[in-house]
Amino acid sequence: MSESLTLGSHLTIWIEAFVTLALFSFLYKDNPIYKFIEHVFAGLSAGYYAGLIGQSVIYPQLLDPLYSDFGGNWILLIPFGFGMMMLTRLTPIGPIPDLSWMSRWGLAITIGSTAGIFLISQLHGLVMPQTLDTFASFGRAGNTVEFAMAILTLVGVISTLVYFYFSKEHVGVIGRVAKVGIWFIMVAFGAQFGYTVMGRVSLLIGRMTFLIDKWIVGSMGSMFN
Amino acid sequence: MKRTVPIILAIGSGAILAIVFFLNPDFKLLFGVTSDNIKQEVLKWVTIVSGFTLILGVVSIFRVNMKAFQQKKTDRWYKMVTIVSLLAMAIPGVFPGPATEIGKTLYTYLPDWIGVYGSQNGIIVSWLFDHLDAPMMATMFATLAFYIASAAYRAFRARTLEATLLLAAALIVMFWRVPMGEAVLNAMSPDLPEWINTILMRGVNASVQRGIIIGAALGAASMSLRIILGIERIYLGKT
Amino acid sequence: MSENLRPMGFWEKVSKLDRRWIYSAVAITVIIPLIWRIDFPVGITPEAKQLFDAVEALPDGSTVMLTFDYYASALPETEPASRAALHHLFRKNCKVVTMTTIPLGGPTISERVTRDMAKLYDKVYGIDYVNLGYKANYVAVLSGMGSSIEDIYPADNSGTKLADLPIIQNIKNYDDIDFIFVVADNAIVDYWISIVNAQYNTPVGASVTAVSAPKYYPLVTSGQMTGLLGGMKGAAEYEIMVGKEAAAVKGMSVQSLVHFLIILMVIMGNVGYFVSRKKKPQAA
């Protein structure tokens, strides 16, 4: 691998290694190089969005259809108008007065339609099948272990829901069920924490693999061989 | 105009998308327009309008940084770094790709290399993203491994029964979920890894996550209903 | 005051260790196994096997949607899964439709990974695979593709009209897609299940980051989700089942050692805490 690296590839790897180490340097303490890279990151990310909006919305969904067949696609001027109204958030600018209230129109369509989809999908796609399965698992149980698991699941679901139900004071029966709920929740959150550690370590492995395999072995190795 | 129209738009778009779920997609409403046609048109509009929020974000970042630079604050040059980086990525990125209808016309007047280097799939944007932006993002998240190790060491104490349950479950998962730990568990009993998966993950964990999913989904659905009924108006902001 | 002047015992010192020592220990534990590899067999979980079996059971030439719903921050966990999935799909001559709901980098990552993998199997863009790219508002995108993909994506990621791509001629909506393989680092999986699977009955399997994996177990047990890969370990499992061991399998030995280090640190921290707590009343 190392022999075939071009000068450009070497340079790319060294730049990538530099930004990686610069960001890791924050672990020791904040410093100007870290800050510099941090600001480059913010700028590049924002710049990426600018290109993305052109390539994913403006050209394919608006300009291309309007340019190639305006008569058949004139209706797209309506969402285009709503989109432009979103930009009134940026007012007042120079002589343009404050028109930011107009941005609510586009926002309202987005929020409203998302609510429309959510209302159905959350109930039909999550609440109903998850509730049904909690009980259906008893019917599916083919042996004692599976039946015990069905009981465990039912107790876990109910006690978790009760724990997160704050409209009633957690005393008496509700208090005792909520107490069982917190035990279940703690075990689940512990498992989640274990998984989170795993995830974070994986990300570190990714960067370290780059530094060792590509930078030290790949680039530096080929230089000194 | 300022409040009534957006409320009507939110109620209208929300109600349409909720109602069409129950209708036959080919159900003709007016002038041969089917319920599915209406749904698709609304969704198409939503993807377009939502896209404009990204423009809003980019322009806001540019303005805030430009303002800070002009005000000659102590870190003004860092703000300039952000602005220059933003423009370095944005300028080549906004050129249309050669395959777009606009691009096909544009590159008969402009040299072809603009399309090769510019546009979202062009060499400049891809290089800047793959070799600067992506490693930066990955490294920032990679540092969390150090913080989480330090936090686990300092704060993860078996002070109470609940904390002990949390700690025990975390340690079991950390041990079980890696090959070396799995090998140790297998040596103790070949069924042990499977049992941990069944009881801890598919049992206790799944039941709690199910409770959370049901609770959160009910919350999301009721909030959606409030928006569609026009009760929830927080998205309108002040005034 | 005298408490402060009392020399610190071993366990007290341990429990007050400077964070930089911890950081150094983590860094060394990651670096060493990357240089001297120690391999342990990677066990296959039933959830991962279920996903592999579902893809394996698809007839050759089936149409599969592969999503790149992840940011670059999660690449070490997710990219190996995407690559392993593409090995599997291209090997089975599946028609692959890729898309992303991630604005920052999603289209670039999907373009890079898909084209890279397609070269290995001599697959032709537009005929064997297509990259739809990104569209804003994922709820609307997922819902809209149920009736017509072309309504939401009039053009692919490069701006080519969808109607001009041969692969799309037989793919109108989810009815024409045999399986959806979601690779994600966020809650988008919820919507693939609650909108797409629930309303259009297309089977959905997912590879997610370790952080979000526990959340999806109830969706697997209820049968709404066809298999689950959790984090780098999940990707390693898929790599092994596909027979293409790569980055994720390589990372497993490092993952093992770092987990052991963290477990050791947690135990030491607790011992230090209990020892110093026992000592305190005596000192007072």
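Residues numbered from 1 in each chain as written. Chains lettered and ligands numbered in written order. Predicted model: local features only at pLDDT ≥ 70, side-chain atom pairs only at ≥ 80, totals over all residues. Heavy atoms only, no water.

J.: Quick rundown of the overall build of chain B? Include the residues and the values.
T.: Helices and strands together make up the secondary structure of chain B, namely nine helices and two strands. When the helices and strands of chain B are placed in sequence order, the string is α-β-β-α-α-α-α-α-α-α-α. Over its C-alpha trace chain B gives a radius of gyration of 27 Å, far above what one expects of a compact globule, namely 18 Å for 239 residues. The principal-axis extent of the C-alpha atoms belonging to chain B is close to 70 × 55 × 40 Å. A buried classification covers 52% of the 239 residues belonging to chain B. Element-wise, carbon and sulfur atoms account for 71% of the exposed surface of chain B, whose accessible area totals about 11000 Å². (Helix = DSSP H or I, 4+ residues; strand = E, 2+ residues; numbered from the N terminus. Rg over C-alpha atoms; globule rule 2.2 N^0.38 Å. Buried < 20%, exposed > 50% of the residue type's maximum accessible area, 1.4 Å probe, protein only. Areas by Shrake-Rupley, 256 points an atom, 1.4 Å probe, with all protein chains shown as cover.)

J.: Describe helix α11 (residues 231-242) of chain C, listing the residues and the values that go with them.
T.: Residues and elements named next belong to chain C. Over its 12 residues, α11 runs 17 Å from end to end, which matches the ideal 16 Å to within 8%, given 1.5 Å per residue. Among the 12 residues that make up α11, 11 are buried, leaving the element largely enclosed by the rest of the structure. Among all positions in α11, only Gly-231, Met-232, Lys-233, Gly-234, Ala-235, Ala-236, Glu-237, Tyr-238, Glu-239, Met-241 and Val-242 are buried. (Expected span 1.5 Å × (residues − 1).)

J.: Describe the sheet that holds strand β2 (residues 95-100) of chain C, listing the residues and the values that go with them.
T.: Residue and element names in this part refer to chain C. Taken in spatial order, the six strands line up as β3-β2-β1-β4-β5-β6 in an open sheet, and their pairing is parallel. One side of each edge strand has no neighbouring strand; the edge strands of this open sheet are β3 (129-134) and β6 (228-230). Taking each pair of neighbouring strands and ignoring which way they run, the sheet shows an average axis angle of 15°. Relative to strand β4 (residues 179-184), strand β1 (residues 63-69) runs parallel, the two being bridged by six bridges. Across the sheet, the residue bridging to Phe-68 is Val-183, located in β4. (Pairing = 2+ DSSP bridges. Axes fitted to C-alpha atoms, helices over the stretch in contact; angles between N-to-C directions.)

J.: Give me the lowdown on unusual backbone geometry, citing residues and values where you can.
T.: Omega for the peptide link from Thr91(A) to Pro92(A) comes to 5°, which places this bond in the cis form. Mapping Pro92(A) onto the fold places it in the loop between α4 (77-86) and α5 (103-140). Of note, Phe31(B) is a non-glycine position whose phi angle comes to about 50°, a positive value. Looking at where Phe31(B) falls in the secondary structure, it is placed in the loop between β1 (28-30) and β2 (33-34). The phi dihedral of Asn93(C) falls on the positive side, at around 55°, and the residue is not glycine.

J.: An account of the packing of helix α7 (residues 172-224) of chain A against helix α9 (residues 192-228) of chain B is needed here, citing residue identities and associated values.
T.: Packing of α7(A) against α9(B) leaves a shortest axis separation of 9 Å and a crossing angle of 105°. When the interaxial angle is binned, α7(A) and α9(B) end up roughly perpendicular. Side by side, α7(A) and α9(B) meet where Phe184(A), Ile185(A), Val187(A), Ala188(A), Phe189(A), Ala191(A), Gln192(A) and Tyr195(A) of the first sit next to Leu200(B), Met201(B), Val204(B), Asn205(B), Ser207(B), Val208(B), Gln209(B) and Ile212(B) of the second. The class makeup of the residues in the contact of α7(A) with α9(B) is 12 nonpolar, four polar and no charged. (Parallel < 35°, antiparallel > 145°, perpendicular 65-115°, else oblique. Contact = heavy atoms within 4.5 Å. Nonpolar A, V, L, I, M, F, W, Y, C, P; charged D, E, K, R; others polar.)

J.: Describe the pattern of salt bridges, listing the residues and the values that go with them.
T.: Enumeration over the complete set of coordinates arrives at 23 salt bridges over all chains. In this structure, Glu16(A) engages Arg207(A) in a salt bridge whose closest nitrogen and oxygen atoms are separated by 3.7 Å. Of the two residues, Glu16(A) is situated in helix α1 (residues 7-24) and Arg207(A) in helix α7; the sequence distance between them amounts to 191 residues. Just as Glu16(A) is buried, Arg207(A) falls in that class too. Between Glu79(C) and Arg83(C) there is a salt bridge whose closest N-O contact spans 2.8 Å. Within this pair, Glu79(C) and its partner Arg83(C) are both found in helix α5 (residues 75-91), separated by four residues, close to a single helical turn. Where salt bridges share partners, they join Asp130(B), Glu79(C), Arg83(C), Arg112(C) and Asp116(C) into one cluster. (Salt bridge = Lys/Arg side-chain N within 4 Å of Asp/Glu carboxyl O.)

J.: Give me the lowdown on the environment of Met84(A), citing residues and values where you can.
T.: Residues and elements named next belong to chain A. Topologically, Met-84 is positioned in helix α4. According to the relative accessible area criterion, Met-84 is partly exposed, its value standing at 39%. For the pair formed by Met-84 and Phe-224, sequence separation is 140 residues and the distance between their alpha carbons is 57 Å.

J.: Summarise the interface of chain C and chain A; cite the residues concerned and give the values.
T.: Counting from both sides, the interface comprises 55 residues of chain C and, opposite them, 42 residues of chain A. The largest share of the area that chain C buries against chain A comes from Leu34(C), Leu104(C) and Val211(C), three residues that together contribute 13% of it. Asp213(A) is the partner of Lys250(C) in a salt bridge, and the nearest nitrogen-oxygen pair spans 2.3 Å. Inspection of the region where chain C meets chain A yields 13 residue pairs in polar contact (both at pLDDT 80 or more). Looking at the side of chain C that touches chain A, the elements with two or more residues in it are α3 (19-35), α5, α6 (106-120), α7 (138-144), α9 (188-200), α10 (217-221), α11 and α12 (247-283) of chain C. A per-element tally of the side of chain C that touches chain A places α3(C) first, with nine residues. (Buried area = accessible area lost by both parts, 1.4 Å probe. Polar contact = N/O pair within 3.5 Å; in protein donor to acceptor, adjacent residues only side chain to side chain.)

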